[in-house]
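Single-letter residue listing:
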Amino acid sequence: MPVAFITGVTGQDGSYLSDLLLSKSYEVHGAVRRTSALRRSRIDHLYQDPEIYGKQFFLHYLDLNDPTTLRRILTKIQPDEIYHLAGQSHVGLSFEIPESTCDLTAMGTLRLLEIIRDLKKVPKLFHASSSEVFGKPDRAPQDESTPFRPVTPYGCAKAFATHMVSIYRNAFHMHAGNGIFFNHESPRRGENFVTRKICRAAAEISVGKRTELRMGDLKASRDWGDARDYVRGMWLMLQQDQPDDYVLATGKLHSVEDVVSIAFQTVKLDWREYVRRDERFDRPQEPCNLVGNSSKAQQRLNWQPQSDFHSLISEMTESEINLIKHQPDSSDI
Ligand code: G4F
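This one's a predicted model, so the numbers in the text were calculated from it and none came from an experiment. Counting restarts for each chain, with residues numbered from 1 along the sequence as it is written. Note on the predicted model: pLDDT of at least 70 is required for a residue's local features to be given, and 80 or more for side-chain atom pairs to be given and counted; whole-chain, interface and lining totals, by contrast, use all residues. Just so you know, side-chain values use all the structure's heavy atoms and leave hydrogens and water out.

With respect to the site of the ligand
- Around the ligand, the structure places 23 residues, and the nearest of them are S89, S130, R222, R283 and E286.
- The term polar contact refers here to a pair of N or O atoms within 3.5 Å; inside protein, the definition further demands a hydrogen-donor-capable atom paired with an acceptor-capable atom, and it admits residues adjacent in sequence only when both atoms are side-chain atoms. In the model, an oxygen atom of the ligand is placed 3.2 Å from a nitrogen or oxygen of the F181 main chain.
- A distance of 2.6 Å is found between an oxygen atom of the ligand and a side-chain nitrogen or oxygen belonging to R283.
- Areas reported as accessible are Shrake-Rupley estimates using a 1.4 Å probe. Residue values count occlusion only from the protein chains shown. Coverage of the ligand by the protein chains reaches 96% of its 720 Å² of free accessible surface.
- Broken down by class, the residue content of the shell around the ligand amounts to ten nonpolar, seven polar and six charged.
- What counts as a domain boundary in this text is fixed by an automatic or database domain assignment. Lining the shell around the ligand are residues from two domains, each supplying at least three of them: domain 1 (3–185 + 225–248) and domain 2 (194–221 + 253–292 + 306–327). A cutoff of 4 Å decides nearness: a residue is near a molecule or strand if any of its heavy atoms lies inside that distance of it. The nonpolar class holds Ala, Val, Leu, Ile, Met, Phe, Trp, Tyr, Cys and Pro. Asp, Glu, Lys and Arg form the charged class, and all remaining residues, Gly among them, are polar.

What about helix α3 (residues 67–77)?
- Relative accessibility under 20% of the residue-type maximum defines a buried residue, over 50% an exposed one, and the middle range a partly exposed one, all with a 1.4 Å probe and only protein chains included. Labels follow the DSSP assignment, with helices taken as runs of H or I lasting at least four residues and strands as runs of E lasting at least two, numbered in each case from the N terminus. For α3, the full list of buried residues reads T69, L70, I73, L74 and I77. Considered in projection along α3, the buried side chains sweep an arc of 125° and stay on one side of the axis. Residues of α3 that are exposed and angled more than 90 degrees away from the buried face: T68, R72 and K76.
- By the convention used here, residues are in contact when the closest approach between their heavy atoms is within 4.5 Å. Tucked inside the fold, the buried residues of α3 contact β1 (3–7), β2 (27–32), β3 (57–61), β4 (81–84) and α4 (98–118).
- One or two residues past the end of α3 sits Q78, with phi positive at roughly 45°. What the arc measures is the spread of directions leading from the helix axis to the C-beta atoms.

If you want it as structure tokens, here you go:
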């Protein structure tokens, strides 16, 4: 049974990756932060299954700024593969908390690399990098050879971590690779990311739970894919003989307005009646023209995005409607 260790296991990608690895008979260990608000809903189905939790799936309390604990856990479980997904992942928020964003995302990755380097059996490493490293790129679409020009604290922290992973791969011959992933969404997306925020609002407005949706820049555009395709890419990267960096993207740009329009269409409403512009959601600086070329992953990993943008946004909106239906009304409690 191969052993995998996942940082960020409670997030969207960590939860789908756990599902995937467990279906491939891995023993999966996940790192969870010890916070007062324990939100693990995305992995509840694994945690609450006595046939899985404690047998094939294990959780460990860990903070990425606590290297002694990290070293102890990794020495004990001796993973074959590490998937490093944890970090402060909200780009807008990185302008409010730049220092902790860099500590967790940039230095956290370097600390992990240092510990891995010293392990007796050096595991393979996947690092979740981001299209944010390209910032304002000088070409489109972007691929593995496009220079990094980040414009956000988050993008800068990811650029540092991405370079460090390549440096350790080359200097210490580690099987370490960066997945330079463009935006990827799903019903498990965090609630403060734009697609989930919109799909949830459309669903709530359609059942009369709220009356409007306040939004930042509707003209902003992104290359949005399906998270389930992207975690498959992570696994494929670590199954290669040679470690390398790969861009995963759909190659298609859509605007925030497109997301709004599909979500409201799904609930049969005209979005113009409900969506209001709110400059509080604007960022001091935005990347532009972020659209990826994933030819290398398509050729070498045989990776293809399988879901299309329209059905992804509709699925996310329908999932919100289901969640609302299954949430107990406060009068029932
Ligand atoms: O959904 P977002 O917050 O995602 P963003 O900033 O592109 O970052 C995500 O994708 C990156 C690339 O994979 C990851 F590295 C990162 O960790 C994260 O997963 O915003 C998307 C766009 C932005 O241009 C934003 O300004 O939507 C725009 N937007 C407009 N109104 C809004 C809003 N974003 C949010 N979150 N909320 C709004 O009201």
